[in-house]
Amino acid sequence: MSDNCLFCKIARGEIPAKKVYEDDEFIAFHDINPAAPLHLLVVPKHHITSLLDVQPEDEQWLGRMMTLAPKLAQENGCTPGYEGGFRTVVNTGKEGGQEIAHLHLHILGGPRPWNKRAAPAA
Ligand code: AMP
Ligand code: ZN
């Protein structure tokens, strides 16, 4: 946990979020500024700054984070099957477009067009 980190504060329940999922390792909630009809963030509860910081021992929870994506996308209204689907994004570092320095997985989905900023160029 990091005292001044926004996503650590959300994970601790100190800042409200529109939570859709929580377990021992992760919290998932709606992005406050959605770039698609569905825009969720999946956040590990422990503080880790970015993918630049991951080590081999992180493989297990990183794998779990990816396996949560289709479950959360479908539970939260993404169009099912290959006609639907969703996009997963992890921004890393300044040039990677990362604004919040706590690793997180974006899940973007729903009918197109996604006409706002942040949906990374197709
Ligand atoms: P990134 O640029 O990958 O670091 O993404 C950070 C995301 O966090 C952006 O899409 C923001 O809209 C989102 N965000 C910032 N503050 C909050 C908040 N309090 N609750 C939910 N999402 C947030
Ligand atoms: Zn943090």
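Here's a quick rundown of the structure. Numbers given for residues are sequential positions, taken from 1 along each chain in its written order. Labels follow written order: the first chain is A, the first ligand is 1, and so on. With the structure being a predicted model, the display of local features is reserved for residues of pLDDT at least 70 and the display and counting of side-chain atom pairs for 80 or more, all residues being used for whole-chain, interface and lining totals. Calculation of side-chain values draws on the structure's entire complement of heavy atoms; hydrogens and water are dropped beforehand.

Right, let's get into the coordination of the zinc ion (ligand 2). Water is not part of the atom set, so a site may look incomplete; the donors themselves are N, O and S atoms within 2.8 Å of the metal, or 3.2 Å for Na, K and Ca. Within the protein, the zinc ion (ligand 2) binds to Cys5 (SG), Cys8 (SG), His47 (ND1) and His102 (ND1); these donor distances fall in the range 2.0 to 2.3 Å. Between the four donor atoms coordinating the zinc ion (ligand 2), the angles at the centre fall across 103 to 117 degrees, so the site counts as tetrahedral. Read in sequence order, the donor residues for the zinc ion (ligand 2) give the motif C-x2-C-x38-H-x54-H. Of this pair, Cys8 sits in helix α1 (residues 6–11) while His102 is found in the loop between β4 (86–89) and β5 (105–109), placing the two residues 94 residues apart along the sequence. Only protein chains enter the area calculation, which uses a 1.4 Å probe; residues under 20% of their type maximum are buried, those over 50% are exposed, and those in between are partly exposed. Residue classification places Cys8 among the buried residues on the basis of a relative accessible area of 0%. Tetrahedral means four donors with every angle between 85 and 135 degrees, whereas square planar (four donors) and octahedral (six donors) require angles over 155 degrees between opposite donors and between 65 and 115 for all others; sites fitting neither are termed irregular. Working definition: helices are DSSP H or I runs of at least four residues, strands are E runs of at least two. Numbering for both runs from the N terminus.

What follows concerns the site of ligand 1. A single heavy atom is enough: if one lies within 4 Å of a molecule or strand, its residue is considered near that molecule or strand. Ligand 1 sits among 17 residues. The nearest are Asp31, Asn91, Glu99, Ile100 and His106. Pairing of N or O atoms within 3.5 Å defines a polar contact, subject to two protein rules: one partner must be a possible hydrogen donor and the other a possible acceptor, and residues neighboring in sequence count only if both atoms are side-chain atoms. Between ligand 1 and the protein, one listed contact pairs an oxygen atom with a side-chain N or O atom of Asp31 at 2.5 Å. A distance of 3.1 Å separates a nitrogen atom of ligand 1 from a polar backbone atom of Ile32. All accessible areas in this document rest on Shrake-Rupley with a 1.4 Å probe, and a residue is counted as covered only by the protein chains that are shown. Relative to its free-state accessible area of 510 Å², ligand 1 is covered by the protein chains to the extent of 88%. Looking at the shell around ligand 1, the elements with two or more residues in it are α1 and β2 (26–30). Per element, the largest residue contribution to the shell around ligand 1 is three residues, and it comes from α1. Three categories are distinguished: nonpolar for Ala, Val, Leu, Ile, Met, Phe, Trp, Tyr, Cys and Pro, charged for Asp, Glu, Lys and Arg, and polar for the others, with Gly belonging to the last. Of the residues assigned to the shell around ligand 1, the class counts are seven nonpolar, seven polar and three charged.

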